[in-house]
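Below, each chain spelled out in residue letters.
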Amino acid sequence: MKNEIAILLEQAIRSLPEFSDAPEIASVHATVERTRDSRHGDFTTNIAMRLAKSVGRNPREIAQSVIAATPGSELIDKIEIAGPGFINFHVSPAAFNRELAHVLRDGENYGRQATRTTPRILLEFVSANPTGPLHVGHGRHASYGATLGNLLEAAGYVVDREYYVNDAGRQMDILGISVLLRMLEARGDTIQFPEAGYKGEYIREIAAAITEDISKLVASDLFGNLPEGDKEEIISGLIEGAESMLGTDEFGRIRRQSLESILDDIKDDLSGFGVVFDRWFSEQSLTDDNLIDDALAVLKKRNMLYQKDGATWFRAADFGDEKDRVVVRENGKKTYFASDIAYHYGKRERGYDHLIDILGSDHHGYIARVRAGLQSMGYAADCLEVELVQFVTLYRAGEKMQMSTRSGEFVTLRQLREEVGNDAARFFYVMRSNDQHLDFDMELAKSRSNENPVYYIQYAHARVASVFRQLAEKSLEYEQPRGVAAFDKLTETHEKALMSSLTRYPEIIELAANNRAPQHLVHYLRDLANDLHSYYNAHQFIVDDHDLRNARLALIDATRAVIASGLGIIGVSAPDAM
RNA sequence: GCGCCCGUAGCUCAAUCGGAUAGAGCACUGGCCUUCUAAGCCAGAUGUUGCAGGUUCGAGUCCUGCCGGGCGCGCCA
């Protein structure tokens with residue numbers, strides 16, 4: 001609907017020679033928006049004020065000539081000039097009726113844009129380290145990422161969802177030794193669990209399930225040969241000791257089984273949360289497939305690397321980073337940053353045009369250097385987009401909870417899901433802008449779940465389903481074509497409001513997708529549910545008038561479809577009964 | 001110290017490349033179930049948009065400075 005208005009407007013402006021050189025002409029489409037006040041009509045544009053700047057003429061005069069040049073259309077009842085030069089469009093009832101018929105025809109596909117082949121988008125999110133179960137902070141990333149993926153698809157983009165598994169490096173050794181020590185403990189050996197190890201209870205559960213033979217290892221030998229030092233040196237000593245006493249292969253198997261156990265748990269948790277990935281990308285595979293070397297070779301070829309203090313540096317500062325970064329350490333080991341460059345390089349090499357990373361706000365410092373990496377390899381700086389998600393602070397009974405994986409003291413996503421339910425959790429997580437901090441009070445979410453806005457929206461959906469059940473009980477039939485033919489009878493204020501809201505849905509999808517802002521959809525659904533509830537209370541749907549009854553049923557049927565579609569994008573169920 | 005993000009009603013938050021009178025929920029008060037689910041509806045109050053300047057037809061939104069909060073500034077991952 002908005003699109004049609006924009007096309008008419010663009011035709012009008014292009015037909016006027018005095019604006020042919022104005023730069024604003026390219027963005028006419030984007031200036032058309034819904035009015036906030038129905039007295040201003042249904043759609044408005046500020047294009048006259050924008051043109052006034054570059055052409056140097058009175059905006060109201062410009063508006064006048066634009067209106068005069070606008071082709072006649074059955075879509076529009078009247079066009080008015082208001083205020084400093086707004087052009088307001090009043091849409092005809094017939095046009096709303098026609099659009100409502102579209103909603104019914106498309107059902108839950110209404111508002112979805114046709115698929116476009118470019119750009120191909122890779123959406124990476126969660127990517128939590130596989131060293132423990134997901135906690136409530138990851139839940140926000142999962143909900144936001146999954147919803148954004150759905151939104152982008154609804155807006156017509158081709159999106160692949162990817163989880164980057166940090167299965168390489170020191171943290172895997174720490175995981176391995178943590179599990180091994182719990183195995184020794186379970187066997188009856190006396191151990192002193194290191195401060196830097198993963199202390200969570202889940203480590204004991206993993207240890208209990210591992211069948212690797214560790215009879216070669218004696219706890220007293222292991223602890224007897226520990227170096228003096230801080231907690232990092234102590235755990236390094238334990239890892240080295242275990243590898244030499246038990247064997248590198250044996251320790252490697254324990255490490256791998258621990259990783260698989262945790263990864264299985266994460267996958268199960270996420271799929272249970274309705275969050276699915278197209279690919280789980282292993283960091284270790286970067287090394288195995290020589291991708292890091294390939295990426296470094298590209299950088300070297302482009303003269304982006306140099307040697308200093310025995311290390312290899314990347315000229316990140318040449319591309320906007322605050323300083324150059326090490327990619328190969330003095331000891332010959334590649335840095336994590338080298339993996340990151342290679343990973344993002346690989347994403348582009350796999351054919352993705354646009355990369356979206358959803359990261360915690362504590363990672364903001366790393367954006368510039370990864371972007372520098374891509375840029376230095378010849379990719380456009382804006383092919384990498386990073387959406388930062390602010391922290392979740394969890395409160396239980398008004399008390400702040402700690403969230404440290406290493407200490408093992410945290411509330412898991414699984415616990416949260418069990419306590420408040422998937423629907424409420426998915427909804428709450430995307431209710432507010434991702435750049436706002438989120439306070440999540442468990443007790444509040446549980447004890448007041450009836451006041452949860454998600455139920456308000458679900459209830460609207462269930463109410464419509466209930467009306468259709470009542471219809472069947474009265475042995476009446478819903479005749480949709482007859483209803484569509486009788487849309488002229490929908491003249492009540494509540495009906496007009498509902499129709500207007502329904503036809504906004506495609507615009508909301510576009511808005512929420514383009515701004516990476518699912519909360520737009522959440523607020524829209526709340527408003528739509530409100531329209532339905534108000535209508536429900538003000539008017540009877542199952543009335544004697546055959547035509548009016550079917551017209552009203554068609555209207556709420558369309559509403560049901562849009563609510564179901566919107567909730568589906570957020571990952572929330574649309575129940576027929578509550 | 002430098003960098004990024006945030007600051008809007010009592011509380012939690014919205015506000016569509018800058019747009020018309022800054023909006024919702026919660027909480028509070030009163031009213032509405034013999035008719036399709038009262039997890040609902042209707043009516044009612046609240047703002048120096050942290051502070052001070054600037055840009056312009058127009059600023060919560062953009063720019064500068066300051067105040068307050070969060071996060072980040074490794075040859076860690």
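Given the structure is predicted, the values throughout are model-derived calculations rather than measurements. (Residues numbered from 1 in each chain as written. Chains lettered and ligands numbered in written order. Predicted model: local features only at pLDDT ≥ 70, side-chain atom pairs only at ≥ 80, totals over all residues. Heavy atoms only, no water.)

RNA strand B sits among 66 residues. The nearest are Arg39, Tyr456, Tyr459, Ser466 and His539. Taking the atoms of RNA strand B that fall within 4 Å of the protein, sugar and phosphate contribute 60% of them. Residue Glu330 places a main-chain N or O atom 2.8 Å away from a base oxygen belonging to RNA strand B. Of all the secondary structure elements, the ones that give two or more residues to the surface near RNA strand B are helix H3 (47-55), strand E4 (86-91), strand E9 (311-314), helix H19 (453-473) and helix H22 (519-538). Residue classes in the surface near RNA strand B are distributed as 21 nonpolar, 25 polar and 20 charged. (Near = heavy atom within 4 Å. Polar contact = N/O pair within 3.5 Å; in protein donor to acceptor, adjacent residues only side chain to side chain. Helix = DSSP H or I, 4+ residues; strand = E, 2+ residues; numbered from the N terminus. Nonpolar A, V, L, I, M, F, W, Y, C, P; charged D, E, K, R; others polar.)

Quick look at the domain arrangement of chain A now. The domain architecture assigned to chain A consists of domain 1 (2-91), domain 2 (120-165 + 275-389), domain 3 (170-268) and domain 4 (453-570). Centre-to-centre separation of domain 2 and domain 3, based on C-alpha positions: 30 Å. Listed per partner, the contact involves 9 residues of domain 2 and 11 residues of domain 3. When the two sides are added together, the surface that domain 2 and domain 3 hide from each other amounts to roughly 950 Å², 72% of it contributed by carbon and sulfur. Of all residues in domain 2, the largest losses of buried area upon contact with domain 3 belong to Pro130, Thr131 and Trp280, amounting jointly to 57% of the total for that side. Taken together, domain 2 and domain 3 are joined by 0 salt bridges. Our count for the contact surface shared by domain 2 and domain 3 stands at 2 residue pairs in polar contact (both at pLDDT 80 or more). Here the side of domain 2 that touches domain 3 is composed, by residue class, of 6 nonpolar, 3 polar and no charged. (Domains from an automatic or database assignment. Contact = heavy atoms within 4.5 Å. Buried area = accessible area lost by both parts, 1.4 Å probe. Salt bridge = Lys/Arg side-chain N within 4 Å of Asp/Glu carboxyl O.)

Attention now moves to the layout of surface pockets. Considering only enclosed or pocket space, the largest pocket measures out at about 1600 Å³ in volume. Along the walls of the largest pocket sit 50 residues, with Asn129, Asn166, Gln171, Tyr336 and His363 positioned nearest its centre. Of all the elements in the fold, those that place two or more residues in the lining of the largest pocket are helix H6 (136-154), helix H7 (170-187), helix H10 (231-246), helix H12 (283-288), helix H14 (336-349) and strand E11 (354-360). Examining the composition of the lining of the largest pocket, we find that 5 residues originate from one element, H14, more than from any other. Each residue belonging to the lining of the largest pocket can be placed in one class, and the counts come to 17 nonpolar, 22 polar and 11 charged. Two domains each provide a minimum of three residues to the lining of the largest pocket, namely domain 2 (120-165 + 275-389) and domain 3 (170-268). When its volume is computed, the second largest pocket comes out at roughly 740 Å³. Lining of the second largest pocket is provided by 20 residues; of these, Glu33, Arg34, Thr35, Arg504 and Glu507 occupy positions nearest its centre. Listed by contribution, the elements that provide at least two residues to the lining of the second largest pocket are helix H2 (28-31), strand E1 (32-34) and helix H21 (493-514). In terms of residues, the lining of the second largest pocket owes the most to one element, H21, which gives 8 residues. (1 Å grid on protein atoms, 1.4 Å probe; cavity = no way out; pocket = protein on both sides within 12 Å on 5 of 7 lines; lining within 4 Å. Points joined across faces, edges and corners; volume = space filled by probe spheres on them.)

Attention shifts here to the pairing of E9. Burial along E9 is two-sided: Ala311 and Trp313 and Thr312 and Phe314, pointing in opposite directions, are all buried. Looking at chain direction, strand E8 (residues 305-308) and E9 are connected through 4 bridges and run antiparallel. Following the sheet pairing, Leu305 is matched in E9 by Phe314. (Buried < 20%, exposed > 50% of the residue type's maximum accessible area, 1.4 Å probe, protein only. Pairing = 2+ DSSP bridges.)

Strand order in this open sheet of 3 strands is E8-E9-E10, and the pairing throughout is antiparallel. The two strands at the open ends of the sheet, each matched to only one other strand, are E8 and strand E10 (325-328). For this sheet, the mean inter-axis angle between neighbouring strands, taken without regard to orientation, is 45°. Pairing of E9 with E10 involves 3 bridges; the strand directions are antiparallel. Residue pairing for E10: Trp313 is matched across the bridge by Val326. Its contacts with the sheet place helix H13 (residues 291-301) against E8, E9 and E10, and it is angled at close to 90° to E8. Its contacts with the sheet put H14 on E9 and E10, and the angle it makes with E10 is roughly 85°. (Axes fitted to C-alpha atoms, helices over the stretch in contact; angles between N-to-C directions.)

Below, the discussion takes up the environment of Asp557. Note that Asp557 resides in helix H23 (residues 546-570). Residue classification places Asp557 among the buried positions, given a relative accessible area of 15%. Between the C-alpha atom of Asp557 and that of Leu151, which follows or precedes it by 406 residues, the distance is 23 Å. Polar contacts involving the side chain of Asp557 include one to the side chain of Tyr478, which spans 2.9 Å. Reaching out from Asp557, the side chain makes a polar contact with the side chain of Gln480 at a distance of 3.4 Å.

With that settled, the discussion passes to the sheet that holds E1. Sheets are built from strands paired through backbone hydrogen bonds, the pairs being either parallel or antiparallel. Spatially, 4 strands are ordered E1-E2-E4-E3 in an open sheet, and the strand pairing comes out antiparallel. For this open sheet the edge positions go to E1 and strand E3 (76-82), each flanked by a neighbour on one side alone. Strand-to-strand twist across the sheet, computed as the mean angle between neighbouring axes with direction ignored, equals 25°. The sheet contact formed by E1 and strand E2 (residues 43-45) spans 3 bridges and is antiparallel. Within E2, the residue paired with Val32 across the bridge is Thr45. In the packing of helix H4 (residues 59-69) onto the sheet, contacts are made with E3 and E4, and the angle to E3 comes to roughly 165°.

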